[in-house]
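Chain residues, written in single-letter form:
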Amino acid sequence: MEFYKKAKELMDMEAVEFFGGVSDAEIKSAMKTLAVEFPESYQAFLADFGGGDAGGEFILGITDEEMESAVKATQEERSVGLPEQFVIIAFWEDVLHCLDTGRMENGECPVVTVTDDYKISETVAGSFGEFLYDYLNEDGE
């Protein structure tokens, strides 16, 4: 959660547009729908911001908008082979970025990119908080 807290401090950037936080009930419903437990940092992000545009790239969250919904995107990809442990959080430059909930440890799981045949291509961050912080801070420190 340390990285998420640092990332949250960067959220006042001008180029950040989120749809607004969602309730604990909405988060639990999304987890139940996908039959996974979201990592603590992603749950905090959803509660605080819901999802949205972070400096030009979209982070999927909980919303009724199909193109912006982590639940809908994950369900759609699962219908064509995405393994159950993955939850799609971003689709940047034709690459799926997913939470790998099958590797949950101490309330967090890594963020991975997956290939066209849904195999892990690369672990890009040890947690959602680290993923978000690294993205928002890429021109910083």
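Residues numbered from 1 in each chain as written. Predicted model: local features only at pLDDT ≥ 70, side-chain atom pairs only at ≥ 80, totals over all residues. Heavy atoms only, no water.

Draft legend 1. Inspection of the packing of helix α2 (residues 24-34) against helix α4 (residues 70-78) at higher detail. Relative orientation of the contacting elements α2 and α4 amounts to 0°, with a least axis distance of 10 Å. With respect to α4, the element α2 is oriented roughly parallel. Contacts between α2 and α4 involve A30, T33 and L34 from the first element and V71, T74, Q75 and R78 from the second. The residue inventory of the contact of α2 with α4, partitioned by class, reads three nonpolar, three polar and one charged. (Axes fitted to C-alpha atoms, helices over the stretch in contact; angles between N-to-C directions. Helix = DSSP H or I, 4+ residues; strand = E, 2+ residues; numbered from the N terminus. Parallel < 35°, antiparallel > 145°, perpendicular 65-115°, else oblique. Contact = heavy atoms within 4.5 Å. Nonpolar A, V, L, I, M, F, W, Y, C, P; charged D, E, K, R; others polar.)

Draft legend 2. How the structure looks around the pairing of strand β5 (residues 95-100). Here β5 lies mainly inside the structure; five of its six residues are buried. Here strand β4 (residues 86-92) runs beside β5; their pairing, made up of six bridges, is antiparallel. Among the inter-strand pairings, F86 is bridged to a residue of β5, identified as D100. Counted along the chain from β4 to the antiparallel partner β5, the turn is two residues long, and its residue E93 has a positive phi close to 50°. Across four bridges, β5 lies against strand β6 (residues 111-114) in antiparallel orientation. Within the sheet, the bridge partner assigned to L99 lies in β6 and is V111. (Buried < 20%, exposed > 50% of the residue type's maximum accessible area, 1.4 Å probe, protein only. Pairing = 2+ DSSP bridges.)

Draft legend 3. Representation of the sheet that holds β5 within the structure. Spatial ordering of the open sheet is given by β4-β5-β6-β7, a layout of four strands whose pairing is antiparallel. The open sheet is flanked by β4 and β7 (120-125), the only strands paired with a single partner. Taken over all neighbouring pairs, the strand axes of this sheet differ in orientation by 35° on average, direction set aside.

Draft legend 4. Structural detail: the side chain of S41. By the element assignment, S41 lies in helix α3 (residues 40-48). Sequence-distant contacts of S41, that is, excluding residues within four places in its chain, are made with M1, Y4, E108, S127, F128 and G129.

Draft legend 5. Region of interest: the confidence of the model for the protein chain. In the predicted model, the protein chain carries a mean pLDDT of 89, and 94% of its residues have values of at least 70. Mean pLDDT per element in the protein chain: strand β1 (residues 16-18) is the minimum at 74, and α2 is the maximum at 97. (pLDDT = per-residue confidence, 0-100.)

Draft legend 6. Representation of the nonpolar core. Core analysis: the biggest nonpolar cluster contains 42 residues, and F38, Y42, F45 and F128 have the highest contact counts within it. Secondary structure elements with two or more residues in this core: α1 (2-10), α2, α3, α4, β4, β5, β6 and α5 (128-136). (Core = buried A, V, L, I, M, F, W, Y, C linked by side-chain atoms within 4.5 Å.)

Draft legend 7. Quick look at the packing of aromatic side chains. Using the criterion set out here, one finds nine aromatic pairs in the structure. Between F38 and Y42, the ring centres sit 5.2 Å apart and the planes meet at 85°, which makes this aromatic pair edge-to-face. Both residues of the pair, F38 and Y42, belong to the buried class. Note on F45 and F128: the rings are 5.1 Å apart at their centroids and 55° apart in plane angle, and the pair reads as tilted. Here F128 lies in helix α5 and F45 lies in helix α3, a separation of 83 residues in the sequence. By the ring-pair criterion, three or more aromatic residues cluster together here, those being F38, Y42, F45, F49, W92, F128, F131 and Y135. Above the ring of F3, the side-chain terminus of K6 is found at 5.7 Å from the ring centroid. Between the NZ or CZ atom of K6 and the centre of the ring of Y133, over which it lies, the distance is 5.9 Å. (Phe/Tyr/Trp six-rings, centres within 6.5 Å; stacked < 30°, edge-to-face > 60°. Lys NZ or Arg CZ within 6 Å of the ring centre and 35° of its normal.)

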